[in-house]
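Chain by chain, the residues run as shown.
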Amino acid sequence: MINLTINGIPVEAAEGTTILKAAASAGIEIPTLCYLEEVNDIGSCRLCIVDVEGMEQMPPACRTTVTEGMVVNTESPEVRAARKLILNLLLSNHHQECFSCPHNGRCDLQRYCNEYGVEKSTFEGTRSGIASEVRDSNPFLSYN
């Protein structure tokens, strides 16, 4: 077993366990949008970044395995600021009409944006210029 510390809490995890799973076993939630256990662990959303003592950059918790004596902080001011920026960037290519979305109130992205104080993106994503009107001039096909 590997002994590490997450947010000041001693945690014991099996070798090969990710920081995300080790934290979950200790009741510590690390936000993630792309991680699906046993299905997808590509770490593309980067929302699960954490601060690990001795590491220069913040690694994604879903892709980083625990090591003996590792010290992890999931809620440092630097981590929270980085997550806020990541959410801002994710929103730049996301439809922001939440009230008309069928997932309104059940959306992890919406929940995390509320938690981190991101109301709208300050970036212009590649999808921002795409028209949102329905094109249905063809009787067999419509594009939305």
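Since this is a predicted model, take the numbers as computed values, not measurements.

What to know about the overall build of the protein chain
Helix and strand content of the protein chain: three helices and six strands. If you list the helices and strands of the protein chain from N to C, you get β-β-α-β-β-α-α-β-β. In the protein chain, which comprises 144 residues, the proportion classed as buried is 35%. Looking at the protein chain alone, contacts between residues at least 24 apart form 53% of all its contacts between residues at least 6 apart. For the protein chain, the accessible area works out to roughly 9600 Å², and carbon and sulfur atoms hold 51% of it.

A word on the environment of Ala82
Its place among the elements puts Ala82 in helix H2 (residues 77–91). Relative accessible area serves as the criterion here: at 17%, Ala82 is assigned to the buried category. Remark: the alpha-carbon pair of Ala82 and Ile49, spanning 33 residues in sequence, is separated by 8.2 Å.

Let's talk about the sheet that holds strand E3 (residues 51–52)
With respect to topology, four strands assemble into an open sheet ordered E2-E1-E4-E3, the strand pairing being mixed. Only two strands of the sheet have a single neighbouring strand rather than two, namely strand E2 (9–13) and E3. In terms of strand pairing, strand E1 (residues 2–6) meets strand E4 (residues 71–73) through two bridges, oriented parallel. Across the sheet, the residue bridging to Thr5 is Val71, located in E4.

Observations regarding a nonpolar patch on the surface
A surface patch of nonpolar side chains, about 260 Å² in accessible area, is lined by Leu85, Leu89 and Phe123. As for its position among the elements, Leu85 is in helix H2.

Rules used in this analysis
- Residues numbered from 1 in each chain as written.
- Predicted model: local features only at pLDDT ≥ 70, side-chain atom pairs only at ≥ 80, totals over all residues.
- Heavy atoms only, no water.
- Helix = DSSP H or I, 4+ residues; strand = E, 2+ residues; numbered from the N terminus.
- Buried < 20%, exposed > 50% of the residue type's maximum accessible area, 1.4 Å probe, protein only.
- Contact = heavy atoms within 4.5 Å.
- Areas by Shrake-Rupley, 256 points an atom, 1.4 Å probe, with all protein chains shown as cover.
- Pairing = 2+ DSSP bridges.
- Patch = residues over 30% accessible without salt bridge, like charges linked within 9 Å, V, L, I, M, F, W, Y side chains within 5 Å.
- Salt bridge = Lys/Arg side-chain N within 4 Å of Asp/Glu carboxyl O.

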